[in-house]
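# Chain and residue survey
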Amino acid sequence: MLSRLAGSVFRVGAAVERADVIARLLDAYLARPDAANVPDDRVTARELRIVAGAAVTAGSVLDAAATLELLALDRHEPASIANAVAVARDDARRARDVVSSELWDCLNVTRSRLPRKIAAGREHEFLGWVRERSALAVGVVEGDASRDEVWEFFTLGRSLARCAATARLLASDLLELDSERSWGTALRACGVGEAFHREARPGAPTSEAAAFLLLDTHCPRSVLFLTQRAEVCLADVAPTLVPDGLAELRDVGGTLRTMAPADAIEAARPAGRRLATVADRVARALDERVFAAASAH
């Protein structure tokens, strides 16, 4: 595949996933009626911005309303939902030769219907709509696309974007390692809360929640599953161009596969810091070594 098209497809996958990730984070920590209560909401606002990948400057207004506005609808903020939707739509347009008309229509409609303001009290509803639109885009690809390079670049973008966000959440102060409530919120923010509760026994200890998010081999949003999927896709599409990144993903995956579930809580922060670094490094390497022609276009 031409590097220009590969880069566009990768960015569509990453942007679609980023929109879902940010919507779930904002919903779990700020918008839901049972959203996490942190005594100092400046901590929540600051950490949410860091997990989302937004800059925190000396002049940043750190409260719930400003954080929702910034990460949901600020079209000039690269980490926002609005920016992710615009990137997904624009790169899908550039890749019209290889993506389906159904995916293009889905992203185009999402972009056209994205509001500029959220009515007071309807934040949870808006974020649910974002999750539904992201799921629709992913469903179109999963249901229609051949498992060729287009699917693999799209899935690689998705996997690395969610890897990085989940890893930053694990490394952040949003997560209190010894708090069952905090782990429950983190699971919900990562989209695995219901999956965990369906499988876990009543009264399961916090260590089981940590092990599920980090080590489950069947949940498509666990850290191990995402790392392995990114590794497989990268090995298929660019093994010789990003050999160092591939080796790092394999090393992280190997560490997770050999980790004892009982060690998941203690390992959460260091594993999160390491994986966030690796995921960002692989994405940069792809931009520089594989998608360079697309950047110059």
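The sections below set out a description of the structure shown in this document. (Residues numbered from 1 in each chain as written. Predicted model: local features only at pLDDT ≥ 70, side-chain atom pairs only at ≥ 80, totals over all residues. Heavy atoms only, no water.)

### Section: the pattern of salt bridges
All chains considered together, the criterion is met by 20 salt bridges. For Glu 125, the salt bridge identified is with Arg 122, shortest N-O distance 2.6 Å. You can call Glu 125 partly exposed: its relative accessible area is 47%. For Arg 122, a relative accessible area of 43% puts it in the partly exposed group. (Salt bridge = Lys/Arg side-chain N within 4 Å of Asp/Glu carboxyl O. Buried < 20%, exposed > 50% of the residue type's maximum accessible area, 1.4 Å probe, protein only.)

### Comments concerning helix H1 (residues 3–31)
If you check H1, its first and last C-alpha atoms are 39 Å apart, about what 29 residues at 1.5 Å a residue would give, namely 42 Å. Of all 29 residues that make up H1, 24 are buried, and the element is covered over most of its length. (Helix = DSSP H or I, 4+ residues; strand = E, 2+ residues; numbered from the N terminus. Expected span 1.5 Å × (residues − 1).)

### Let's talk about the environment of Ala 164
Mapped onto the fold, Ala 164 is located in helix H7 (residues 149–171). In the structure, Ala 164 is positioned 140 residues away from Arg 24 in sequence and 15 Å away in space, judged by C-alpha atoms. Ignoring sequence-local partners within four residues, the contact set of Ala 164 consists of Ala 276, Ala 279 and Asp 280. (Contact = heavy atoms within 4.5 Å.)

### Brief notes about the environment of Gly 128
Tracing the backbone through its elements, the reader meets Gly 128 in helix H6 (residues 123–144). Overall, Gly 128 belongs to the buried group, its relative accessible area being 11%.

### Examining the packing of aromatic side chains
Summed over all chains, the structure comprises four aromatic pairs. A network of ring pairs unites the aromatic residues Phe 10, Phe 153 and Phe 291 as a single cluster. (Phe/Tyr/Trp six-rings, centres within 6.5 Å; stacked < 30°, edge-to-face > 60°.)

### Overview of the nonpolar core
One recurring pattern in soluble globular proteins is that nonpolar side chains are buried together. In terms of nonpolar packing, the biggest core is built from 104 residues, with Ile 81 and Leu 286 touching the most fellow members. With 16 residues, H1 is the single largest residue contributor to this core. (Core = buried A, V, L, I, M, F, W, Y, C linked by side-chain atoms within 4.5 Å.)

### A closer look at the side chain of Asp 27
One can find Asp 27 in helix H1. At 3.2 Å, the side chain of Asp 27 and the side chain of Arg 131 are in polar contact. (Polar contact = N/O pair within 3.5 Å; in protein donor to acceptor, adjacent residues only side chain to side chain.)

### Section: helix H12 (residues 243–257)
The end-to-end C-alpha distance of H12, which contains 15 residues, comes to 21 Å, matching closely the 21 Å that a straight helix rising 1.5 Å per residue would cover. Among the structural elements, helix H10 (206–215), helix H11 (223–237) and helix H13 (264–289) are those in contact with the buried residues of H12.

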